[in-house]
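# Residue-level structure breakdown
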Amino acid sequence: HKIIWKELPTGNVNDPYRRSLQKSYIANLQNVLLSNVPAMTVLAKCGGSTGVSYFANEQKWEQDGISRGEWTFIADGKSNPNVIYKDTTGSFTDSAADGGRVSFTFIHPERGEFGLSVVYEQAGVVETYNIIRTPSGGRIALWTANKSNSANFPRVSAFVATCE
């Protein structure tokens, strides 16, 4: 499908006609973008991450990372995203099957960019992933983990990883 960008009418952003056009445009764009998704699509694969974490119990920042980590971002035939990851122990985990509510936060298919959030309500953990293009054309993941409800290691972390 070819996507054609149309300028929305200028004027009051609360104008009901303008808001109706915006909602219609967004719904149509999502249908076009997601209508050709096969049974399972790999959106990106990312490797080890480097970053920093703030450990609340110790009240300090530390260099952090998952050097042998792997993340595979997928979407099923109904456009439901998911994250499959390998942690520091070498175990693979399916975020949705592990109780995470996985949602797209943005999609730019023409650039191969997208964002996801994963919320583990029972554990009080929120992760965000933004897969974006670098100026040289490669892709990276900018991701965060907020584990403020973790009894042993409450922390917030920010990481970067290289992606395919």
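Residues numbered from 1 in each chain as written. Predicted model: local features only at pLDDT ≥ 70, side-chain atom pairs only at ≥ 80, totals over all residues. Heavy atoms only, no water.

### Topic: the overall build of the chain
- Looking only at helices and strands, the chain features one helix and ten strands.
- Seen in sequence order, the chain has helices and strands lined up from the N terminus as α-β-β-β-β-β-β-β-β-β-β.
- Expressed as a percentage of its 164 residues, the buried residues of the chain come to 29%.
- Partitioning the contacts of the chain with sequence separation of at least 6, the portion at a separation of at least 24 is 39%. (Helix = DSSP H or I, 4+ residues; strand = E, 2+ residues; numbered from the N terminus. Buried < 20%, exposed > 50% of the residue type's maximum accessible area, 1.4 Å probe, protein only. Contact = heavy atoms within 4.5 Å.)

### So, the nonpolar core
- By size, the foremost hydrophobic cluster in this structure holds 21 residues, and its most contacted members are Cys-46, Trp-71, Phe-73, Val-83, Tyr-129, Ile-131 and Trp-143.
- At the level of elements, strand S1 (40–55), strand S3 (70–76), strand S4 (81–86), strand S7 (113–120), strand S8 (125–133), strand S9 (139–147) and strand S10 (155–163) are the ones that each hand at least two residues to this core.
- With four residues, the single largest contributor to this core is S7.
- In contact with Trp-71, other than residues within four places in its own chain, are Ala-44, Lys-45, Cys-46, Gly-47, Gly-48, Ser-49, Ile-66, Val-83, Ile-84, Tyr-85, Tyr-129 and Trp-143. (Core = buried A, V, L, I, M, F, W, Y, C linked by side-chain atoms within 4.5 Å.)

### Here we look at the side chain of Glu-127
- By the element assignment, Glu-127 lies in strand S8.
- Within the local environment of Glu-127, its side chain forms a polar contact with the side chain of Tyr-129, the two groups lying 2.9 Å apart. (Polar contact = N/O pair within 3.5 Å; in protein donor to acceptor, adjacent residues only side chain to side chain.)

### Topic: the packing of aromatic side chains
- Following the criterion strictly, the structure yields seven aromatic pairs and no others.
- Taking the centre distance of 6.5 Å and the plane angle of 85° together, the rings of Phe-104 and Phe-114 count as edge-to-face. Here Phe-104, found in strand S6 (residues 101–108), pairs with Phe-114, found in strand S7; they are ten residues apart in sequence, far enough to count as distant.
- Overall, Phe-104 belongs to the partly exposed group, its relative accessible area being 23%.
- Phe-114 gets classed as buried once you look at its relative accessible area, which sits at 5%.
- Ring pairs connect the aromatic residues Trp-71, Phe-73, Phe-104, Phe-114, Tyr-129, Trp-143 and Phe-159, which therefore count as one cluster. (Phe/Tyr/Trp six-rings, centres within 6.5 Å; stacked < 30°, edge-to-face > 60°.)

In short, shape yes, function no, at least from these values alone.
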